[in-house]
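The residues making up each chain are set out below.
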Amino acid sequence: MATSEAVLQVLGGSLPSLFGSDNSFRKLGSSHTSRSFIRIRKKRGSKCVNFLNCSNISYRAIRVDCFQSIRQSVHGDITHSYLRSVNCKCQQADSASSFASEKGNGSWISDNDQSFDTVLGNTPSVMQFETVRELKVGEEDFQSNGSLRPNVSAEDTLNRIAGNSIEDEAWELLRESMVYYCGSPVGTIAAKDPTSSTADVLNYDQVFIRDFIPSGIAFLLKGEYEIVRNFILHTLQLQSWEKTMDCHSPGQGLMPASFKVRTVPLDGDDSATEEVLDPDFGEAAIGRVAPVDSGLWWIILLRAYGKSSGDLSVQERIDVQTGIKMILRLCLADGFDMFPTLLVTDGSCMIDRRMGIHGHPLEIQALFHSALLCAREMLTPEDGSADLIRALNNRLVALSFHIREYYWIDMKKLNEIYRYQTEEYSYDAVNKFNIYPDQISPWLVDWMPSKGGYLIGNLQPAHMDFRFFSLGNLWSIVCSLTTDDQSHAILDLIEAKWTDLVADMPFKICYPALEGQEWKIITGCDPKNTPWSYHNGGAWPTLLWQLAVASIKMNRPEIAAKAVEVAEKRISRDKWPEYYDTKKARFIGKQARLYQTWSIAGYLVAKLLLANPSAAKILISQEDSELLNAFSCAISSNPRRKKRGPKSPQKTYIV
C-alpha cells in the first residue's frame, strides 16, 4: 500500500525532488508542458502572419522549375525545357493543404483541440488539458482502491511515464526543427543545437534529404502528410538545377544533398524580399562529394508516402514520373564497370567522409536495390518506359545474385575463403575476384559467431572489406536483398555481438574501427574520424529506426525493443546527440551536435513502429515471384551450382 501511495504522489507531482533535473522526467510538471504548447502555438501564429504578409506580394522566384512536366523523350534520352521563372504566391506545391484537410489530417493543434473536447466536453485551456493528460497516465495500472494491479510494479509504471515523457519531448523538438518555405513546411533542419555558435553551424541549418527520411517517416506514421508531400515536390524541382564544379556538370537526375531556404532582396525593389530554395549538390560540402544516396532515398520516401496516405496522385504526376526515370537512367547508365553493383566514390552516402568505402559499398547497393523495387512498383506503364523497366528488372536479378553470392560471409564462407586458390583463369573459377586468404583479419577470426553472418562492406578485385556496416545490412533485410535465412542470420549476429554493436547506446555505424597506421592511410588522418568516433566506429541513435523495420519484418521486434530501452536510459538526458564515442558508446561524440534531428526522429519512428508493427509495410519490399524465378535461373547458370538436365527455355541473365 505504501508503494502505491508513493506512485500516486509521483503521478500527482508532489515529489519533485525525486527526479531532480533529469530531463527524462521534466514533462511531469504541467506548467512546463503548458508553456511549451503555448510557445509552439505562438510560433505557428507567427507563421500564419508571415503567410498573410507574403501572399500580398506577387513576385517571380528565381530558377524554381515547377513545369517539369514539359519534358520530352528523344531516342531514349530525356531532354528538358525549363521555365525558370514562376510566380511564387506562397502556396504549397499543388495544394497539399487541401488534400490534408480532405483526409482529415489537419494541423496537430487542431487534432489536439478535438481531443480536448473528447476529454472535457468543451474546449478548455491548455493548462487544463495537461493536468488531465498527466492524471490519466498509468491509470489502467491501478485498481479502484488505489493499489497497483497484480503483476504491475511501481518501477514499470514509472518507466512508462518516463517513456511517454521522452516521446513528448522528441515530438516537440522535431516540430521545432521544421523549415517553412512561403508559409508551408518543406522539411526539418539537420540540428538545432543552442550551444553552437553561428560560425560553428556549418550546414547543419539546412534540410538534408537523407536526414529528413526518418523525420518524414515519423510524420507519415503520425498521419501528417503535408510536410512530406511538400518535401517530395520541392526537392524534385531542385533535381534539374544545373550545378558545376570546376566547369564540370554532374549527370542529369542527381538530387541535392541538402537545401536551404534563403530570404533575398527582390530584383529591382530593395524594400521587398522573396524566399528561394538554394540547393547544395556537393559543390560546397566538406570534401566536395556529390550524394549518391539522395535520389535513392527520395524514391523510397515517395513510395512510403503513397502507401501511408493513399494519395497516389503524387507519384502519378508527369513531373514525378520523369524525376523517377531521370534517377534510374543515371544509376543504370552503362560504363566501364563489369559488376551489377553501383560504382561510387568515397563519402557518397551516410558515411560522407573518407573511410575507404569507395567502389561498391554495401549501403549504396542496398538502397539501390530498394529504390529499383520501389520505382518498378510506381512507374506507370507506357511505351517510352518499356526499355527502362526491362533494364531495371535485369539489374535487379543480377544485383541480388551478386550480393547474396559474393558479399555474404559466415563461418562456412570464411572457411572457404581461407582455402581459396588464387590466380585462377577460367569462366568457372571459384575465386572469381582473386581474393588472397591473407586478407582475413585476425579480429574477424575471433569475432565471427558460430551462428549468424552478415554482408561484408565492399567487394572489388583482390579486396574484401570485412567490416560490418550497419545500415547496409539492416536495409538489405528491409528490401529483401538478402534471403530469409541470411536476414535471420544477420539478426542472430546482432544478438550475439550485442555488447559490440549496441553496448551503452545503439547503434554502431560500423565495426570494427580503423586504428593505427591503417586509420592514417585510409582516412587521411581525419581528426574527426578517430577510432570509435563519428563514422569510424561511432554509435548513431538514428539507426534505431532501420533496426526496428528490419526486426519487425523478420518477426523479431524484441531486438529493436531492447535497443530502444537501452537508448531511453540516456538519449534525452544527453540532449539527443548526433553520435557517441568510444567502443562502448559511453561518451557523447567529441564534435557531435546536440538536438540532432535525425536522432530524435529515428527514436520516434522506432517507438511508433513497435507500437504498430503493421505500419512498417510502407517501407518493406517483398521479393515477388517473377523476380524469384529469374533469380533461380541466374543461380542455375552459375558454374559453381550447375546441375545436369536440359537447359531452361526461360530468359538467361548475365551475372
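Here the structure is a predicted model, which means the values were calculated and not measured.

*Asks:* It is not clear to me how the confidence of the model for the chain should be interpreted in this structure. Could you clarify?
*Replies:* In regions of low pLDDT, the predicted coordinates are not meant to be interpreted in detail. The predicted model of the chain has a mean per-residue pLDDT of 79, with 69% of residues at 70 or higher. Between residues 1–140, whose pLDDT stays under 50, and residues either more than four places distant or in other chains, the model counts 209 contacts. Across residues 642–655, confidence stays below pLDDT 50; counting only partners more than four residues off in sequence or on other chains, it has 16 contacts.

*Asks:* I would appreciate a short explanation of the side chain of glutamate 224 in the present structure.
*Replies:* Structurally, glutamate 224 is set in the loop between helix H7 (209–221) and helix H8 (226–239). Overall, the relative accessible area of 13% leaves glutamate 224 in the buried class. Among the polar contacts listed, one links the side chain of glutamate 224 to the side chain of arginine 175, at a separation of 2.9 Å.

*Asks:* Teacher, can you tell me more about empty space enclosed by the protein here?
*Replies:* Tallied over the entire structure, the rule returns four cavities of 30 Å³ or more. For the second largest cavity, the calculated volume is near 90 Å³.

*Asks:* Where do I start with the pairing of strand E9 (residues 269–280) in this structure?
*Replies:* With nine bridges connecting them, strand E8 (residues 258–266) and E9 associate as antiparallel partners. From the neighbouring strand, valine 261 faces E9, where its bridge partner is leucine 277.

*Asks:* Teacher, can you tell me more about the packing of aromatic side chains here?
*Replies:* The geometry of an aromatic ring pair is captured by the separation of the ring centres together with the interplanar angle, meaning the angle of the planes. The tally for this structure, following the rule as stated, stands at 22 aromatic pairs. Between phenylalanine 231 and phenylalanine 259, the ring centres sit 6.5 Å apart and the planes meet at 35°, which makes this aromatic pair tilted. Of this pair, phenylalanine 231 sits in helix H8 while phenylalanine 259 sits in strand E8, placing them 28 residues apart in sequence. A relative accessible area of 1% places phenylalanine 259 in the buried class. Seen from their ring centres, tryptophan 297 and tryptophan 545 are 6.1 Å apart, and the 45° between their planes marks the pair as tilted. With tryptophan 297 in helix H9 (residues 293–309) and tryptophan 545 in helix H20 (residues 544–553), this pair connects stretches of sequence that are 248 residues apart. Judged by its relative accessible area of 3%, tryptophan 297 is buried. Exposure remark for tryptophan 545: the relative accessible area of 1% places this residue in the buried category. Feature note: the residues Trp443, Trp447, Tyr454, Phe468, Tyr511 and Trp532 constitute an aromatic cluster, connected by ring pairs. Positioned over the ring face of tyrosine 534 is lysine 528, at 4.3 Å from the centre of the ring.

*Asks:* Got a minute to help me understand the packing of H7 against H8 in this structure?
*Replies:* To describe two helices that pack against each other, one gives the angle between their axes and the distance between the axes. Contact geometry of H7 with H8 gives a least axis separation of 9 Å together with a crossing angle of 150°. Considered as vectors, H7 and H8 are oriented roughly antiparallel to each other. Packed against H7, whose contacting residues are Ile209, Phe212, Gly216, Phe219 and Leu220, the element H8 presents Ile227, Val228, Phe231 and Thr235 at the interface. Split by residue class, the contact of H7 with H8 holds seven nonpolar, two polar and no charged.

*Asks:* Can you walk me through the environment of cysteine 349 in this structure?
*Replies:* Take cysteine 349: it is sitting in the loop between helix H11 (318–332) and helix H12 (362–378). Spatially, the C-alpha atoms of cysteine 349 and proline 361 are 9.2 Å apart, while their sequence positions differ by 12 residues. Sequence-distant contacts of cysteine 349, that is, excluding residues within four places in its chain, are made with Arg210, Asp293, Ile357, Glu363 and Ile364.

*Asks:* Where do I start with the nonpolar core in this structure?
*Replies:* Ranked by internal contacts, the top residues of the largest apolar core, which has 161 residues, are Trp298, Ile324, Tyr454, Trp475 and Ile494. A per-element tally of this core places H12 first, with 11 residues.

*Asks:* Is there a simple way to think about the pattern of salt bridges in this case?
*Replies:* A pair can form between side chains of opposite charge whenever their charged atoms are brought close. In total, this model carries 19 salt bridges according to the counting rule given. Of the charged contacts, one joins aspartate 526 and arginine 353 as a salt bridge, the two residues approaching to 2.8 Å between their closest N and O atoms. Of this pair, aspartate 526 sits in the loop between helix H19 (516–523) and H20 while arginine 353 sits in the loop between H11 and H12, and the two are 173 residues apart along the sequence. Comparing aspartate 526 with arginine 353 shows no difference in burial state: the two are buried. Connected through shared salt-bridge partners, Glu167, Glu568 and Lys607 make up one network.

*Asks:* How should the sheet that holds strand E11 (residues 453–460) be read in this particular structure?
*Replies:* Within a beta sheet, neighbouring strands are joined by backbone hydrogen bonds and run either parallel or antiparallel to one another. Taking strand neighbours across the sheet as the criterion, the four strands line up as E10-E11-E12-E13 in an open arrangement whose pairing is antiparallel. For this open sheet the edge positions go to strand E10 (408–410) and strand E13 (510–511), each flanked by a neighbour on one side alone. Pairing analysis gives four bridges linking E11 to strand E12 (residues 463–469), with the strands arranged antiparallel. Residue isoleucine 456 lies in a different strand from E12, and its bridge partner there is phenylalanine 468. The strands touched by helix H13 (residues 386–407) within the sheet are E10, E11 and E12, with E11 carrying the most contacts at an inclination of about 105°.

*Asks:* What is the right way to look at the sheet that holds strand E7 (residues 207–208) in this model?
*Replies:* Spatial ordering of the open sheet is given by E7-E8-E9, a layout of three strands whose pairing is antiparallel. Each edge of the sheet is formed by a strand with only one pairing partner; in this case those strands are E7 and E9. Across two bridges, the pairing between E7 and E8 is antiparallel. In the strand pairing of E8, valine 207 is matched with phenylalanine 259.

*Asks:* Explanation requested: unusual backbone geometry in the structure shown.
*Replies:* Cis geometry marks the peptide bond from proline 506 to phenylalanine 507; its omega dihedral reads 15°. Structurally, the position occupied by phenylalanine 507 is in the loop between helix H18 (498–501) and E13. The amide bond that connects tyrosine 511 to the next residue, proline 512, takes the cis arrangement and shows omega of -5°. When you line up the elements, proline 512 lands in the loop between E13 and H19.

Parameters and conventions
- Sequence order as written defines residue numbering, which begins from 1 separately in each chain.
- The predicted nature of this model means local features are confined to residues of pLDDT at least 70 and side-chain atom pairs, given and counted, to a pLDDT of 80 or more, with totals for whole chains, interfaces and linings taken over all residues.
- Working from all heavy atoms in the structure, the side-chain values ignore hydrogens and water.
- pLDDT is a per-residue confidence score from the predictor, ranging from 0 to 100.
- It only takes one pair of heavy atoms within 4.5 Å for two residues to be counted as in contact.
- Secondary structure elements are taken from DSSP: a helix is a run of H or I of four residues or more, a strand is a run of E of two residues or more, and numbering for both begins at the N terminus.
- Each residue is assigned to one of three classes by its accessible area relative to the maximum for its type, calculated with a 1.4 Å probe on protein chains only: buried under 20%, partly exposed between the two thresholds, exposed over 50%.
- Two N or O atoms count as a polar contact when they lie within 3.5 Å, although within protein this holds only if one can serve as hydrogen donor and the other as acceptor, and sequence-adjacent residues are included solely when both atoms are side-chain atoms.
- Note on definitions: the grid is 1 Å and covers protein atoms alone; a cavity is a set of points where a 1.4 Å probe fits but cannot get out; a pocket is an open set with protein on both sides within 12 Å along at least five of seven lines; lining residues have an atom within 4 Å of a point.
- Grid points are joined across faces, edges and corners, and a volume is the space filled by probe spheres set on the points.
- Paired strands, in this sense, are two strands between which DSSP finds at least two bridges.
- Between the rings of Phe, Tyr and Trp (Trp by its six-membered ring), a pair exists once the centres lie within 6.5 Å; its type follows the angle of the planes, with under 30 degrees stacked, over 60 edge-to-face, and the other angles tilted.
- Any Lys NZ or Arg CZ that is within 6 Å of a ring centre and within 35 degrees of that ring's normal is treated as a charge sitting over the ring.
- The axes are straight lines fitted to the C-alpha atoms, using for helices just the contacting stretch, and the angles between their N-to-C directions are given from 0 to 180°.
- Orientation labels follow simple angle bins: below 35 degrees gives roughly parallel, above 145 gives roughly antiparallel, 65 to 115 gives roughly perpendicular, and whatever is left gives oblique.
- Throughout this entry, Asp, Glu, Lys and Arg are counted as charged residues, while Ala, Val, Leu, Ile, Met, Phe, Trp, Tyr, Cys and Pro are counted as nonpolar. The remaining residues, Gly among them, count as polar.
- In these notes, a set of buried Ala, Val, Leu, Ile, Met, Phe, Trp, Tyr and Cys residues joined through side-chain atoms within 4.5 Å is what counts as a nonpolar core.
- The term salt bridge refers to a pairing of a side-chain nitrogen on Lys or Arg with a carboxyl oxygen on Asp or Glu at a separation within 4 Å.

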